[in-house]
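Residues per chain, in single letters:
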Amino acid sequence: MRLFSWGLDEQGLRDWIDRVLDLGITSFDHADCYGDYGVQAAFGAAMTPAQRERVEIIGKVGVMLATPGNPGTSVKHYDLSWDHIVGGVERTLRDLRTDRLDWLLLHRPDFLMDMDEVAEALGHLRDSGKVLRFGMSNFSPSQMRLLAAQVPVKLEANQVQISLEHTDALADGTLDTCQELGMHPMAWSPLGGGGLFRGDAGLDRLRTALWEVGQAHGGAADQVALAWLLRHPAGIRPIVGTGRLDRLAGAAGAASLKLSRQDWYKLLAAATGSEVP
Amino acid sequence: MRLFSWGLDEQGLRDWIDRVLDLGITSFDHADCYGDYGVQAAFGAAMTPAQRERVEIIGKVGVMLATPGNPGTSVKHYDLSWDHIVGGVERTLRDLRTDRLDWLLLHRPDFLMDMDEVAEALGHLRDSGKVLRFGMSNFSPSQMRLLAAQVPVKLEANQVQISLEHTDALADGTLDTCQELGMHPMAWSPLGGGGLFRGDAGLDRLRTALWEVGQAHGGAADQVALAWLLRHPAGIRPIVGTGRLDRLAGAAGAASLKLSRQDWYKLLAAATGSEVP
Amino acid sequence: MRLFSWGLDEQGLRDWIDRVLDLGITSFDHADCYGDYGVQAAFGAAMTPAQRERVEIIGKVGVMLATPGNPGTSVKHYDLSWDHIVGGVERTLRDLRTDRLDWLLLHRPDFLMDMDEVAEALGHLRDSGKVLRFGMSNFSPSQMRLLAAQVPVKLEANQVQISLEHTDALADGTLDTCQELGMHPMAWSPLGGGGLFRGDAGLDRLRTALWEVGQAHGGAADQVALAWLLRHPAGIRPIVGTGRLDRLAGAAGAASLKLSRQDWYKLLAAATGSEVP
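Residues numbered from 1 in each chain as written. Chains lettered and ligands numbered in written order. Predicted model: local features only at pLDDT ≥ 70, side-chain atom pairs only at ≥ 80, totals over all residues. Heavy atoms only, no water.

1. Here's the deal with the interface of chain C and chain A
Accessible area lost on assembly of the parts is the figure often given for the size of an interface. Condition: Residues are treated as being in contact if the distance between any of their heavy atoms lies within 4.5 Å. Throughout, the accessible surface (probe 1.4 Å) given up by two parts as they are put together, summed over both, is called the buried area. Any carboxyl oxygen of Asp or Glu within 4 Å of a side-chain nitrogen of Lys or Arg constitutes a salt bridge here. Polar contact is the term for a pair of N or O atoms within 3.5 Å; when the atoms are in protein, one must be able to donate a hydrogen and the other to accept it, and sequence-neighboring residues count only if both atoms are side-chain atoms. Secondary structure is summarised from DSSP: a helix means a run of H or I of at least four residues, a strand means a run of E of at least two, and numbering begins at the N terminus for each. Nonpolar residues are Ala, Val, Leu, Ile, Met, Phe, Trp, Tyr, Cys and Pro. Charged residues are Asp, Glu, Lys and Arg, and all others, Gly as well, are polar.
In this complex, chain C contributes 20 residues to the contact, which on the side of chain A involves 24 residues. Across the interface of chain C and chain A, roughly 2,000 Å² is buried in total on both sides, 57% from carbon and sulfur atoms. Broken down residue by residue, the surface that chain C buries against chain A is led by Arg261, Gln262 and Tyr265 of chain C, which jointly contribute 34%. The salt bridge partner of Asp79 of chain A is Arg261 of chain C, with a shortest N-O separation of 3.4 Å. The tally of links between chain C and chain A comes to 14 residue pairs in polar contact (both at pLDDT 80 or more). Breaking the side of chain C that touches chain A down by element, the ones donating at least two residues are α8 (168-171), α9 (174-181) and α14 (261-272) of chain C. If you tally residues by element for the side of chain C that touches chain A, the top one is α14 of chain C, at six residues. Residues that form the side of chain C that touches chain A fall into these classes: eight nonpolar, five polar and seven charged.

Here you go:
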């Protein structure tokens, strides 16, 4: 959540959470490092106990930014040691003023992660009830496979970059391996970097295709872009980054757009610049 | 089969089938979309019941061309839905005037294929006796692995592009994964695009190597190119695309050429432009 | 071992082995093709029976060079046939004047290796006691996976190129797959091609980072480069290529340098030119 750029005070954020819940959106995507390690505390201060019971919180740990909010770090790195996983989750729970995360995702593959250590940390968090479901983010197929083989905790999600502007995950094994291992992909930046809607050059063909498919289905271009993700059989869950309620309402409406196979491939062809071979 | 470019009428095609069988070649590679969805009906009209008992028919479904022969399709796409797999096989059987396919290959990996749906479709075709053996075509290692893990039907082949002009499958995991999963590769365009024999520039070194190895073994260049595939331990079956009986006779003779390891690597070096590292 | 470039006579080599053992280094990395198929005989002539009991010998077979030392070969190729694996090991044992190899590594992936044949060859070498432990070298993830699935002999190592100058193995699945399959990576050229220490342009940033980390830990740059490998959880064993005792002493000392995660990522960023994403 890029919450700090939305200009909400505590009451404003509390109201915003209610409005989002009213739209039928219940998942809130967090990470300890968002907002220079400050977003979670702001969210936790605003969220009421009643809201907590209605929301699903996705937490992430493992990214060590070299920023003022993370003293002692001079080089950006990843840390999936026992201390950092467990300590990171405990800080997250304190900041969010809750006793459990619905999801914990390992934020980035730490090249130095030791499988036994990760297994122990996740097992501890599961057994203590601090985390209900586990997954990862930005893991490659071989990293997914390694973790799934060696960590005796059910891994149910991999949050990766996938959108009509970044279609690599379709063919590089990421979505295939998610399906094989029983993980649901979550999509970060599901609308690309936003260039699509700012009118960036080079995206005209895709913009036109989104508009055409949208016309046929009675949906807006951003809804079609999300429906394109929802159509994939891996069960992709788009993580929408906006705080604007109108956009979130639109996103929630995307689920009702049912694209045909032909719509889907038309959008893919427009995105990649060529039809399938 | 690119049958329509061979200029055969029904009786001519019937005779051609006999001649091909006489050469010891018994497999005929079909796909519903070949000849703009027309080749199979022409083949079926020509093939006699006696011929049917002697041939092995490879069928493929899943490619939706945006052509006159496939009305309603405006964007080339793939379709491995239950309806299209089962419906496509039933059309294929009708067109070929037979009651079974010896092989069904899923022609292209449909990004939207649902594993449960594919599993049910293949199971139905197996249980009904309409298809005897199953495989796929142009599937990547992760796609092979996904299908093999989730579809409880024996998958025995992957037809991929592999030849001395396209050697990627050797090192990109395709042939390794075929062997690991017990699938036999079939090779489409096993002689490359034909540029080798038309004298295309850039292929001189390979052409020379084929000629030299051919001289040593008493074989023609195209036979050596096929023998190169046959030498691989994965059990590659080349799918020769020509209708010319002299070429087919040559192809059938390739099996008797036994290349040494050194011959094989000499051809590979000539094809890739450098010796192995 | 690039032994012939070190200018040692038989007694000199014998003394050198003692000195190396005194440093606590006990593994000696051989291959039949090193020194144009001559290094092993020179090493075997020098090594005393007492030394043999103290050393661990890594042998490799499978590379067929087109050199005077390998008559009959006109094209560089690989050969992992039964004859070449078993024959190669027997020649290696004769040359080294020993009755067993502590390790046998298949030197390069032979595209023509037949899994059944490899399985039989390795099984024979294990059962006859000629080889104690098995592995491979330069195998890709899919090649590792194929061999591990089909060869019923425990495979415990893959010797690959990995260093701060060649970091591909970190992210291309090589180290992940080693860990998944229980193989230890060995690192060849663990200090890169040596350009780092010759002052090659383009490596300034890495050289500076090595120096800085070394200053903080009281180690030399080459020790830090080895400590960087040792820090990885896959259990990388660096194969140091030098014959210089001062350098080997330094290498042996690298094990005492314990890099922090931040040190490690700082070196990676310096090596690749950018921080992790």
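2. So, the relation of the copies chain C and chain A
As a reminder of what qualifies: Here the copies are superposed with least squares, the fitted atoms being C-alpha atoms of residues at a pLDDT of at least 70 in both.
Each copy of the sequence occupies a distinct position, and chain C is placed on chain A by a rotation of 120° and an axial shift of 0.0 Å, giving an RMSD of 0.0 Å. The symmetry that links the two subunits is that of a three-fold axis. When each C-alpha of chain C is compared by its distance to the rotation axis, Ser142 of chain C comes out closest, at 6.1 Å. A different interface surface on each copy is seen, since only 5% of the contact residues of chain C are contact residues in chain A too.

3. Let's talk about the packing of helix α9 (residues 174-181) of chain B against helix α7 (residues 141-150) of chain C
Keep this limit in mind: All axes here are fitted lines through C-alpha atoms, helices being fitted over the stretch that makes contact, and every angle between N-to-C directions spans 0 to 180 degrees. An angle counts as roughly parallel when it lies under 35 degrees, as roughly antiparallel when it exceeds 145, as roughly perpendicular when it falls between 65 and 115, and as oblique in every other case. Two helices cross in a left-handed way if the nearer one is turned anticlockwise from the farther one by less than a right angle. They cross in a right-handed way if the turn is clockwise.
The geometry of α9 of chain B relative to α7 of chain C is characterised by a closest axis approach of 9 Å and an angle of 20° between their N-to-C directions. Judged by the inter-axis angle, α9 of chain B sits roughly parallel to α7 of chain C. Our pair here, α9 of chain B against α7 of chain C, has a crossing hand that is left-handed. Across the interface between the two elements, Asp176, Thr177, Gln179 and Glu180 of chain B from α9 of chain B touch Ser142, Gln143, Arg145, Leu146, Ala149 and Gln150 of chain C from α7 of chain C. Here the contact of α9 of chain B with α7 of chain C is composed, by residue class, of two nonpolar, five polar and three charged.

4. Points about the relation of the copies chain A and chain B
When chain A is fitted to chain B, the best match, at an RMSD of 0.0 Å, comes from turning it 120° and sliding it 0.0 Å along the axis. When you check the interface residues of chain A against chain B, a mere 5% turn up at the interface there too, and the two sides of the contact use different surfaces.

5. Re the interface of chain A and chain B
Contacts between the two partners involve 20 residues from chain A, matched on the other side by 24 residues from chain B. Taken together, the links from chain A to chain B amount to two salt bridges. Along the contact surface separating chain A from chain B lie 14 residue pairs in polar contact (both at pLDDT 80 or more). Listing elements by their share of the side of chain A that touches chain B, those giving two or more residues are α8 (168-171), α9 (174-181) and α14 (261-272) of chain A. A total of six residues in the side of chain A that touches chain B trace back to one element, the largest contributor, which is α14 of chain A. For the side of chain A that touches chain B, the class distribution of residues is eight nonpolar, five polar and seven charged.

6. Quick word on the domain arrangement of chain A
Residues and elements named next belong to chain A. Quick reminder of the rule: Source of the domain bounds: an automatic or database domain assignment.
Domain assignment breaks chain A into domain 1 (1-161) and domain 2 (192-277). Computed from C-alpha atoms alone, the centre-to-centre distance between domain 1 and domain 2 is 27 Å. Listed per partner, the contact involves 13 residues of domain 1 and nine residues of domain 2. Taking both sides of the interface into account, the surface hidden between domain 1 and domain 2 amounts to around 890 Å²; carbon and sulfur atoms contribute 67%. Counting across the interface, domain 1 meets domain 2 through one salt bridge. Here Arg237 makes a salt bridge to Glu56, at a shortest N to O gap of 2.7 Å. Remark: the boundary between domain 1 and domain 2 carries three residue pairs in polar contact (both at pLDDT 80 or more). When residues of the side of domain 1 that touches domain 2 are traced back to their parent elements, those giving at least two are α1 (10-22), β1 (27-29) and β2 (56-61). Broken down by element, the residue count for the side of domain 1 that touches domain 2 peaks at three residues, all from α1.

7. A closer look at the environment of His77 of chain A
Inspection of the secondary structure assignment puts His77 of chain A in strand β4 (residues 77-78). Considered as a pair, His77 of chain A and Phe111 of chain A are 34 residues apart in the sequence and their alpha carbons are 9.8 Å apart. Sequence-distant contacts of His77 of chain A, defined by excluding residues within four places in its chain, comprise Gly62, Val63 and Met64 of chain A together with Arg261, Gln262, Tyr265 and Val276 of chain C. Reaching out from His77 of chain A, the side chain makes a polar contact with the backbone oxygen of Val75 of chain A at a distance of 2.8 Å.

8. Some details on the pattern of salt bridges
All names here are of chain B. Rule in force here: The rule is simple: take the accessible area with a 1.4 Å probe, protein chains only, and divide by the maximum for that residue type; under 20% is buried, over 50% is exposed, in between is partly exposed.
Applying the stated rule across the entire model yields 48 salt bridges over all chains. A salt bridge links Asp204 to Arg207, with the shortest nitrogen-to-oxygen separation between them at 2.5 Å. One end of the pair, Asp204, and the other, Arg207, are both in helix α11 (residues 204-217), three residues apart, so they sit about a helical turn from each other. On the basis of relative accessible area, Asp204 is assigned to the partly exposed category, the value being 47%. You can call Arg207 partly exposed: its relative accessible area is 23%.

9. Description of the packing of aromatic side chains
What counts, and what does not: Stacked, edge-to-face and tilted labels apply to pairs of Phe, Tyr and Trp rings (six-membered ring for Trp) whose centres lie within 6.5 Å, assigned for plane angles under 30 degrees, over 60, and everything in between, in that order.
Within this structure, the stated rule accounts for 21 aromatic pairs over all chains. Judged by centre distance (5.1 Å) and plane angle (75°), the ring pair of Trp264 of chain A and Tyr265 of chain A falls under edge-to-face. Both residues of the pair, Trp264 of chain A and Tyr265 of chain A, belong to the buried class. When the ring of Trp6 of chain C is compared with that of Trp16 of chain C, the centres are 5.0 Å apart and the planes differ by 45°; the resulting orientation is tilted. Here Trp6 of chain C, found in the segment before α1 (10-22), pairs with Trp16 of chain C, found in helix α1; they are 10 residues apart in sequence, far enough to count as distant. The exposure class of Trp6 of chain C is partly exposed, given its relative accessible area of 22%.

10. Things to note about the sheet that holds strand β2 (residues 56-61) of chain B
Residues and elements named next belong to chain B. To be explicit about the condition: One bridge is not enough; two strands pair if DSSP finds at least two bridges between them.
As summarised here, the arrangement of the seven strands in space is β1-β2-β5-β6-β7-β8-β9, forming an open sheet in which the pairing is parallel. The outermost strands of the open sheet, each flanked by one partner alone, are β1 (27-29) and β9 (237-239). Adjacent strand axes in the sheet meet at a mean angle of 30° when their direction is disregarded. Taken together, the three bridges between strand β6 (residues 131-137) and strand β7 (residues 155-161) define a ladder with parallel strand orientation.

11. Here we look at the sheet that holds strand β7 (residues 155-161) of chain C
Residue and element names in this part refer to chain C. What the seven strands build is an open sheet, ordered β1-β2-β5-β6-β7-β8-β9; its pairing is parallel. Only two strands of the sheet have a single partner each, and these edge strands are β1 (27-29) and β9 (237-239). Looking at each pair of strands side by side, their axes are set apart by 30° on average, direction ignored. Where β1 and strand β2 (residues 56-61) come together, three bridges link them in parallel fashion. Counterpart to Ser27 in the pairing with β2 is Glu56. Each of β5 (101-106), β6 (131-137) and β7 is contacted by α7, which is oriented at about 165° to β7, the strand it contacts most.

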